[in-house]
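These are the residues of each chain, in order.
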Amino acid sequence: MRVTILTSEAVPFAKTGGLGDVASALPKAIRAVSDVDASLVLPLYEQTNRALLREQLFDNLEVEWAGDIRRAAVWYSEATAAPTFLIDAPEYFARASVYGFRDDHERFAFFCRAALALQRRLGPPPDVVHVNDWPGGFAAAELRARRSFDDYYAHTRTLFSIHNLAYQGAFDPASLARLGFAYGEVHDAFLFEGAASALKAGLMLSDALSTVSRRYSYEIQTPQQGYGLDWLLRMRRDRLIGVTNGVDYDVWNPATDPHIAAHFSADDLAGKLECKRDLLRRFSLPEDLDRPIIAIISRLVAQKGYDLIQQAAGRMLETGAFFIALGAGAREYEDFLQVLRDHAPHRVGIYKGYAGEPLAHQIEAGADIFLMPSLYEPCGLNQMYSMRYGTVPVVRATGGLDDTVENFDRARGTGNGFKFQAYTADALLGSIYEALYCYAEPEVWRAIQLNGMRADNSWQAAARKYVELYRAVAQM
Ligand code: ADP
């Protein structure tokens, strides 16, 4: 079976968040647990390190575009364990960031069309095209349209994975004709609340849908978390499944991690203290190793619960803990972090901006407590990374956070973190206080750390579920 995965980001080529990690780990894991021939296609961005590319396969991929033919180049890479094809169209992708442009709909519509045109050049059609989030909606729409007139794609089926329902890829419906979706069922599938939505088209026109945790698959069927599309997800619920993301332990493993100051594992935690010392130094904080470090790494958006952090920060610092934050995003939250740092320069360390991989690993390794007070969280990866690094997660019980973190039960000695329900600063602080009480008792703390470090969140189980899903989708 051949499966082609289309994504707008994948490490080590380009990353803005969790999708980047997932898109690169999934095809690799699929190839490890099955004989499915999984490959990856993504755009070639300005930020992509050219040293990762092996060769240019084509300089003349012909793409039907706006009533004309446009040529794109295609590069090949084996930087991950899965064959990866990168679409090189500088007018769309040689830009300073992955998303955030007025013509994003056009950029990713072009990417999808080019990725589908590429398959023809490579050989027999894929059995399944697996698309991710709104940028993939264009491919789902095109494949649905082609099914009726294009022999090559007559038997290809589509799987659409929702990594975050809040990003809908909305644009002016007047552009639909230019993108090649002028008429009929496919045109109408885009229409949503007076705009065109690539997400809605993908959700309507794909053969099957998946999302990245079981709990999130239910949450998106409710008006509270459905972003206006809950009716559609309820309508298609027999085609919707939740598969919780895994962790790539080749990349996120404190026993082998090349980015951290000292290695450690569940059998020998000594190196973690070295990592803590190193982290405090990096952020110019006093080397007071007994004080707990509370950390957060996230995009600075409302989804991640930054308003709760803002409200709780003063009382959190009163506990005597260090606070270290890495984040890029909304100006409002960057300013808040700066004010906090200026207010308590010996307790607070901040890095504003996208830091790349090493610092994220160093924070996971050196911190004691990791915060994820998300308003909603489709899966979340950092709580699972934290657990592996003996850093105890404090999370709100939503989406994948609820599925992967088990509240610590002192009497039974079970659980790997601290979970709160209400989306309030007091509830977050309640869990932080609980965590700090446990931190003060080294044996109790060690038990929580080890419960997390020994949890198996590897991709193996998830990859097997995807393989089953691909087989089912191919038969639809
Ligand atoms: P989301 O996909 O919603 O951003 P996830 O928890 O699933 O959230 O994944 C976030 C990923 O992005 C993690 O690998 C995290 O380390 C990384 N990340 C987030 N913000 C930054 C940043 N400013 N610098 C470096 N890495 C970051």
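K.L.:
Can you help me understand the packing of helix α1 (residues 18-33) against helix α18 (residues 459-474) in this one?
P.N.:
Any two packed helices are characterised by how steeply their axes cross, that is the angle between the axes, and by the distance between the axes. Two elements in contact, α1 and α18, have axes whose closest approach is 9 Å; the angle formed by their N-to-C orientations is 80°. By the angle between their directions, the pair α1 and α18 is classed as roughly perpendicular. On α18, the residues that touch V22, A25, L26, A29, I30 and V33 of α1 are W459, Q460, A463, R464, Y466, V467 and Y470. Here the residues of the contact of α1 with α18 sort into 11 nonpolar, 1 polar and 1 charged.

K.L.:
Help me understand the site of the ligand in this model?
P.N.:
The full set close to the ligand counts 21 residues, and K15, G18, D21, R299 and K304 are the nearest of them. Between the ligand and K15 there is a distance of 2.8 Å, counted from an oxygen atom to a side-chain nitrogen or oxygen. Contact between the ligand and N382: an oxygen atom at 3.5 Å from a side-chain N or O atom of the residue. When the free accessible area of the ligand is taken as 570 Å², the share hidden by the protein chains comes to 94%. For the shell around the ligand, the secondary structure elements donating two or more residues are α1, β13 (293-300), β14 (322-329) and α14 (382-388).

K.L.:
What am I meant to see in the packing of aromatic side chains here?
P.N.:
Given two aromatic rings, their pairing is described by the distance between the two centres and the angle made by the two planes. Tallying each qualifying case throughout the model produces 23 aromatic pairs. Where W252 meets Y385, the ring centres are 3.8 Å apart and the plane angle is 10°; that geometry is what we call stacked. With a gap of 133 residues between them, W252 in the loop between β12 (240-242) and α10 (270-282) and Y385 in helix α14 connect regions that are remote in the sequence. Y385 carries the same exposure label as W252, and that label is buried.

K.L.:
Sorry, what's going on with the packing of helix α16 (residues 425-439) against helix α17 (residues 442-453) here?
P.N.:
Closest axis-to-axis distance for the α16/α17 pair is 6 Å, and the angle between their directions is 115°. Residue-level inspection shows A435, C438 and Y439 of α16 in contact with α17, the latter providing P442, V444, W445 and I448. Each residue belonging to the contact of α16 with α17 can be placed in one class, and the counts come to 7 nonpolar, no polar and no charged.

Procedures and definitions
Residues numbered from 1 in each chain as written. Predicted model: local features only at pLDDT ≥ 70, side-chain atom pairs only at ≥ 80, totals over all residues. Heavy atoms only, no water. Axes fitted to C-alpha atoms, helices over the stretch in contact; angles between N-to-C directions. Helix = DSSP H or I, 4+ residues; strand = E, 2+ residues; numbered from the N terminus. Parallel < 35°, antiparallel > 145°, perpendicular 65-115°, else oblique. Contact = heavy atoms within 4.5 Å. Nonpolar A, V, L, I, M, F, W, Y, C, P; charged D, E, K, R; others polar. Near = heavy atom within 4 Å. Polar contact = N/O pair within 3.5 Å; in protein donor to acceptor, adjacent residues only side chain to side chain. Areas by Shrake-Rupley, 256 points an atom, 1.4 Å probe, with all protein chains shown as cover. Phe/Tyr/Trp six-rings, centres within 6.5 Å; stacked < 30°, edge-to-face > 60°. Buried < 20%, exposed > 50% of the residue type's maximum accessible area, 1.4 Å probe, protein only.

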